[in-house]
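Chain residues, written in single-letter form:
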Amino acid sequence: MIALTHVNYYDFKTYAEDQYIIFEDKIIEVGPMTDFVNQDYEVIEGMDQLVMPGLINGHHHIYSTFARGLILPFDPENFQEILDQLWWKLDGSQDLDNVYYSGIVSGVEGVKNGITTIIDHHASGLDIKGSLETLKKAICDEVGQRGIFCFECSDRFDIDACIEENLSFAKKYQTTKTAGLFGLHAAMSLSEESLTKISKVIEDIPIHIHIAESHMDEDLSLERYGERIIHRLERHQLLKEKSLLVHCLYIDEDEAELIAKYKCTVALNVTSNMNNGVGLPDYNLFKRAGIPVIIGNDGIGSGIMPEWLNLNFTMHHRDLTPVKFGLGQVLEMVNQTYVYASSILGCKLGRIQPGYEADLLMIPYIPPTPMNKNNAFGHLCFGLANNFNPSYVWCGGKMILNHYKVKENLMDTYREASKSARQLWDRI
Ligand SMILES: [Zn+2]
């Protein structure tokens, strides 16, 4: 059993100073140092350090790891051309070797950013079969994080192979460490025939899909099928409970009501939206409809905290006032991200309380101004977010970052990644 001593902790609800935390795979006991009795614990002294729950990336694309530094002819006029000229070239040319090394790089960098759970949306055109198993090997078995994986079904791939990869993985893994969703790229890249095929075999597996990331997705749906995206998915009975609908920038009130009715969750990724120049989400629409909203980074970098800040800034910019939306709403979404991941993995994430999984990070932080439960999230966003380097990270009680370092054999693999990226770039 491990005991962290003299730590301050913040779990997005409670802030307490000079505490101890005892854990194995789960948190066993938490209390003030005045009550601490050492019973042969492995003691890690945490004076001047803040302990928090490990962070979650609510929508990630590990395959985008090898986009770093890639220069391609790029002159898109719209979102489809951004996909055609960059992302679909990158993911379409990936094989299992690329998938594995992307997983190691993204996982290691995620751990260094305090990430302990990743919800990934994957595509690799050269090797569909076995790709989710490969991600699981890299992320869950070797790096030691929790992972929720799926393959983006799309008509540009062998659709039967995509379906089989989702089904076999989701049925095989339903543990607190690893689970599957049913991945769909987006409505605009899936024909009626493909959606019908998926609908026949999906049973109750929640879907993970991009929705209205640009207005083109809705425009094409109306033009081709005479209905909006969410209505089309409803007609195919694909709005399964706990489905993860990503972006939703251009949905209307009716669609928002349907999303709430079917108990789906929306994932926002505003940095990516700004990068693609596609617009920003209407948070109040989700709020009015009562839709749970979580936060992802859409594969931009390996941390999630910059996303919290950007969400705050972009909503101020969109509303043209800093008072309609604030850190309180961001905090609500951070908490919702834990609720969502917990519900998919079947475990308790996101609090520092007995019975919760011991997914913890520790980071040096001496508050230079008074800190309490009401302003702790502000300390995170404006004091820690731009330089967020945890000293230790545990996932399920296992130490996956030790004094700023992952295991040396992981770094050996990391050092080989560039070779795999080179091969991928040569193929594109
Ligand atoms: Zn995405």
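Rules and cut-offs
- Residues numbered from 1 in each chain as written.
- Predicted model: local features only at pLDDT ≥ 70, side-chain atom pairs only at ≥ 80, totals over all residues.
- Heavy atoms only, no water.
- Axes fitted to C-alpha atoms, helices over the stretch in contact; angles between N-to-C directions.
- Helix = DSSP H or I, 4+ residues; strand = E, 2+ residues; numbered from the N terminus.
- Parallel < 35°, antiparallel > 145°, perpendicular 65-115°, else oblique.
- Left-handed = near helix turned anticlockwise from the far one by under 90°.
- Contact = heavy atoms within 4.5 Å.
- Nonpolar A, V, L, I, M, F, W, Y, C, P; charged D, E, K, R; others polar.
- Core = buried A, V, L, I, M, F, W, Y, C linked by side-chain atoms within 4.5 Å.
- Buried < 20%, exposed > 50% of the residue type's maximum accessible area, 1.4 Å probe, protein only.
- Domains from an automatic or database assignment.
- Expected span 1.5 Å × (residues − 1).
- 1 Å grid on protein atoms, 1.4 Å probe; cavity = no way out; pocket = protein on both sides within 12 Å on 5 of 7 lines; lining within 4 Å.
- Points joined across faces, edges and corners; volume = space filled by probe spheres on them.

Draft legend 1. Representation of the packing of helix 2 (residues 96–112) against helix 14 (residues 408–427) in the model. Here helix 2 crosses helix 14 at 130°, and the two axes come no closer than 8 Å. Taken together, the axis directions place helix 2 and helix 14 in an arrangement best described as oblique. For the pair helix 2 and helix 14, the sense of crossing is left-handed. Of the residues in helix 14, those in contact with Asp 97, Asn 98, Tyr 100, Tyr 101, Ile 104, Val 105, Val 108, Glu 109 and Lys 112 of helix 2 are Leu 410, Met 411, Thr 413, Tyr 414, Glu 416, Ala 417, Ser 420, Gln 423, Leu 424 and Arg 427. Broken down by class, the residue content of the contact of helix 2 with helix 14 amounts to 10 nonpolar, four polar and five charged.

Draft legend 2. Up close: the nonpolar core. The biggest cluster of nonpolar side chains holds 126 residues, and the ones touching the most others in it are Phe 12, Leu 55, Trp 308 and Phe 377. Of all the elements, helix 12 (residues 327–345) adds the most residues to this core, at 10 residues. In terms of domain composition, this core takes at least three residues from each of domain 1 (2–53 + 350–409) and domain 2 (55–345). Sequence-distant contacts of Phe 12, that is, excluding residues within four places in its chain, are made with Met 52, Pro 53, Leu 55, Trp 308, Leu 331, Val 334, Asn 335, Tyr 338, Gly 350, Arg 351, Phe 377 and Leu 380. Listed in part, the 17 residues of the second largest apolar core include Tyr 9, Val 51, Ile 352 and Met 362.

Draft legend 3. Region of the structure containing the packing of helix 11 (residues 305–319) against helix 12. At a minimum axis separation of 9 Å, helix 11 and helix 12 run at an interaxial angle of 140°. As summarised for this structure, helix 11 and helix 12 are arranged oblique, according to the angle between their axes. The handedness of the crossing between helix 11 and helix 12 comes out as right-handed. Only Leu 327, Val 330, Met 333 and Val 334 of helix 12 make contact with helix 11, whose side of the interface consists of Trp 308, Leu 311 and Asn 312. By residue class, the composition of the contact of helix 11 with helix 12 is six nonpolar, one polar and no charged.

Draft legend 4. Molecular detail of helix 3 (residues 131–143). Taking 1.5 Å of rise per residue, 13 residues should cover 18 Å, and helix 3 covers 17 Å from first to last C-alpha, within 8% of that figure. Residues of helix 3 that are buried include every one of Ser 131, Leu 132, Thr 134, Leu 135, Lys 136, Ala 138, Ile 139, Cys 140 and Val 143, and no others. Gly 144 lies just past helix 3 and shows a positive phi near 100°.

Draft legend 5. Broad picture of empty space enclosed by the protein. Under the defined criterion, the tally for this structure stands at three cavities of 30 Å³ or more. Of the pockets and cavities examined, the largest cavity occupies roughly 50 Å³. Lining of the largest cavity is provided by Leu 55, Ile 56, Ile 295, Ile 304, Trp 308, Val 334, Thr 337 and Tyr 338. When contributions to the lining of the largest cavity are tallied by element, the ones reaching two or more residues are strand 6 (55–60) and helix 12. Within the lining of the largest cavity, the residues separate by chemical class into seven nonpolar, one polar and no charged. In this model, the second largest cavity occupies a volume close to 40 Å³. If you go around the second largest cavity, the residues you meet are Asp 282, Tyr 283, Asn 284, Met 315, Arg 318, Asp 319, Lys 324 and Phe 325. Secondary-structure elements contributing two or more residues to the lining of the second largest cavity are helix 10 (283–289) and helix 11. Top element by residues in the lining of the second largest cavity is helix 11. It accounts for three residues. Grouping the constituent residues of the lining of the second largest cavity by class yields three nonpolar, one polar and four charged.

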